[in-house]
Amino acid sequence: MISRYTRPEMGRIWADENKFRMWLAVEVAATETLAEAGLVPQEAAKAIREKGDFNLARIHQVEAEVKHDVIAFTTAVAEKVGPQSRWLHYGLTSNDVVDTAQALQIKEASDLIAKDLKALRAVLKQRAFEFKDTPMIGRTHGIHAEPITFGLKLANWYSETERNIVRFERAAEEMRVGKLSGAVGTFAHLEPEYEVQICERLGLKAAEISSQVIQRDRHANYVCTLAVIAATLDKIATEIRHLQRTEVREAEEFFSEKQKGSSAMPHKRNPVTCEQISGLARVVRSNAQAAFENVALWHERDISHSSVERVILPDSTILVDYLLNKTTKLLDTLLVYPKRMLQNLESTGGLVFSGQLLLDLAESGMLREDAYGLVQEHAMRAWKQGLNFRELVTKDKRISKRVSPAQLSRAFSLKRQLRNVDKIFERVFGASKTKPASKGRR
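Overview of the structure. Because the structure is predicted, anything quoted here is derived from the model rather than measured.

**Regarding unusual backbone geometry**
Then step 1. Positive phi values are uncommon outside glycine, yet Lys 67 reaches one of about 60°.
Then step 2. Within the element layout of this structure, Lys 67 appears in the loop between helix H4 (56-66) and helix H5 (69-81).
Then step 3. Taking relative accessible area as the criterion, Lys 67 reaches 67% and is therefore assigned exposed.
Then step 4. With phi around 50°, His 299 is a residue other than glycine that occupies positive phi space.
Then step 5. One can find His 299 in the loop between helix H10 (272-293) and helix H11 (304-332).

**Here we look at helix H14 (residues 368-385)**
Then step 1. Look at H14: 26 Å from first C-alpha to last across 18 residues, which is about the 26 Å you get at 1.5 Å a residue.
Then step 2. Listed as buried for H14 are Ala 371, Leu 374, Val 375, His 378, Ala 379 and Ala 382. For H14, the angular spread of buried residues about the axis comes to 125°, placing them on one side. Exposed and facing more than 90 degrees away from the buried side of H14 are Glu 369, Lys 384 and Gln 385.
Then step 3. Close packing links the buried residues of H14 with helix H13 (354-363), helix H15 (389-395) and helix H16 (397-400).
Then step 4. A positive backbone phi angle near 70° is found at Gly 386, which sits one or two residues after H14.

**Concerning the environment of Ala 171**
Then step 1. Following the sequence through the fold, Ala 171 ends up in helix H7 (residues 150-174).
Then step 2. In this structure, the C-alpha to C-alpha distance between Ala 171 and Leu 226, residues 55 residues apart in sequence, is 9.2 Å.
Then step 3. In this view, Ala 171 contacts Asn 221, Tyr 222 and Thr 225; residues no more than four positions away in its chain are not counted.

**Looking at the pattern of salt bridges**
Two side chains with opposite charge may pair up if their charged atoms get near one another.
Then step 1. If you walk through the whole model with that rule in mind, you get 30 salt bridges.
Then step 2. In this structure, Glu 79 and Arg 58 form a salt bridge, with 2.6 Å as the shortest nitrogen-oxygen distance. With a gap of 21 residues between them, Glu 79 in helix H5 and Arg 58 in helix H4 connect regions that are remote in the sequence.
Then step 3. Judged by relative accessible area, which is 27%, Arg 58 ranks as partly exposed.
Then step 4. Salt bridges sharing partners connect three or more residues here, namely Glu 32, Glu 36, Lys 46, Arg 49, Glu 50 and Arg 201.

**Examining a nonpolar patch on the surface**
Then step 1. A contiguous nonpolar surface patch, about 300 Å² in accessible area, is contributed by Ile 143, Met 380 and Trp 383.
Then step 2. Along the chain, the position of Met 380 falls in helix H14.

**Points about the packing of aromatic side chains**
Then step 1. Using the criterion set out here, one finds 15 aromatic pairs in the structure.
Then step 2. Taking the centre distance of 5.2 Å and the plane angle of 65° together, the rings of Tyr 5 and Tyr 322 count as edge-to-face. Taken as a pair, Tyr 5 in the segment before helix H1 (8-14) and Tyr 322 in helix H11 lie far apart in primary sequence, 317 residues in all. As far as the burial class goes, Tyr 5 and Tyr 322 line up, both buried.
Then step 3. Between Phe 20 and Phe 73 the ring centres are 5.9 Å apart and the planes differ by 10°, which places this aromatic pair in the stacked class. Separated by 53 residues along the polypeptide, Phe 20 in helix H2 (residues 16-36) and Phe 73 in helix H5 bring together distant segments of the chain. By the burial criterion, Phe 20 is buried, and Phe 73 matches it.
Then step 4. Aromatic ring contacts, followed pair by pair, group Phe 20, Trp 23, Phe 54 and Phe 73 into a single cluster.
Then step 5. Over the face of the ring belonging to Phe 54 we find Arg 21, whose NZ or CZ atom lies 4.0 Å from the ring centre.
Then step 6. It is Lys 132 that lies over the ring of Phe 425; its NZ or CZ is 6.0 Å from the centre.

The rules behind each value
- Residues numbered from 1 in each chain as written.
- Predicted model: local features only at pLDDT ≥ 70, side-chain atom pairs only at ≥ 80, totals over all residues.
- Heavy atoms only, no water.
- Helix = DSSP H or I, 4+ residues; strand = E, 2+ residues; numbered from the N terminus.
- Buried < 20%, exposed > 50% of the residue type's maximum accessible area, 1.4 Å probe, protein only.
- Expected span 1.5 Å × (residues − 1).
- Arc of directions from axis to C-beta.
- Contact = heavy atoms within 4.5 Å.
- Salt bridge = Lys/Arg side-chain N within 4 Å of Asp/Glu carboxyl O.
- Patch = residues over 30% accessible without salt bridge, like charges linked within 9 Å, V, L, I, M, F, W, Y side chains within 5 Å.
- Areas by Shrake-Rupley, 256 points an atom, 1.4 Å probe, with all protein chains shown as cover.
- Phe/Tyr/Trp six-rings, centres within 6.5 Å; stacked < 30°, edge-to-face > 60°.
- Lys NZ or Arg CZ within 6 Å of the ring centre and 35° of its normal.

Following this line, the structure appears as structure tokens:
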């Protein structure tokens, strides 16, 4: 686990103490279910439930000797339970406990990530409405294209986050399964109905079929979903990094009074949070490849996946929890500069309205190819010589004889370009136009 990026609640879930508590919960649920079925004495189930405990140091001590973590665990618990411990782990194989308990850990981790996703969604909605009508230039290939609003950019991220929420709920639900079907999945020592009952006690579903392990396609899908979430956060961070560039300066990370940007250059205000988000997202995405490799195991089980999952499951959930929190704070405190956005939009002298002028000329009867060539002629001259595109086309009689001054003015209308913003917001946020309460940011 990566302590620098571990938030306390998520860290607790993956700590050894909690892992073994989950193992114990599985053992207790199994014993109580089997006692109800008459396979285990009631007094044994009572003793395991009431006396079942362990000392973490003792587990590690035994494991160092026997080289088997589950045996070390059952030994440590048995020492606490006493004579009735002969019924502990009855009918189970190691992975019955390990895989089922891991599902409990993932369930806890998923609950935190689900909350994180909803917090991010709320901030995106808040800020999208805040900047719904704030015009800025849209860029394709990094080059000025046509006007958008900053609110539309945020709404796009909101919509993607909505999809991530749905994906994650589905992936987390697929992981909410346990198995207690024995060494090769045949229920040689227990009955399938007992597996169902044990899992129900734990808030899990029983896997329809398993070998000695729950099949790892579930885990691959889960880690891949975390990777998709991380990719979304990287996308947001990368965009903000571009907007913070000195030449752009349309938005930037919050920079505190005592914060320093560089040891050598006092003027620096670097997008360090965004860069951290982009960097750590790469780790989550790389873990998805390891999860794919875990799907193919030898026959009914080998342990090649086990060591991998000790890394990728804690690290991926820890990092996504951290990244979601970081991104939510980043957006909540983001400094946005509408005046600079408008200044950049207008910096090319109307070039970004060339598409509408092209349509107006075609509508007037000019062949589209000819209209394109005429508009591009002035556009390239404006680019190369730093001239005002609107002034150039206004003076061209080839255009003025086809497009009236009123039409030309409308072709360069920002309001016309952005007339459908409300309709897009209705699509994204629903028909209600209730605007979230403003927080009075800059």
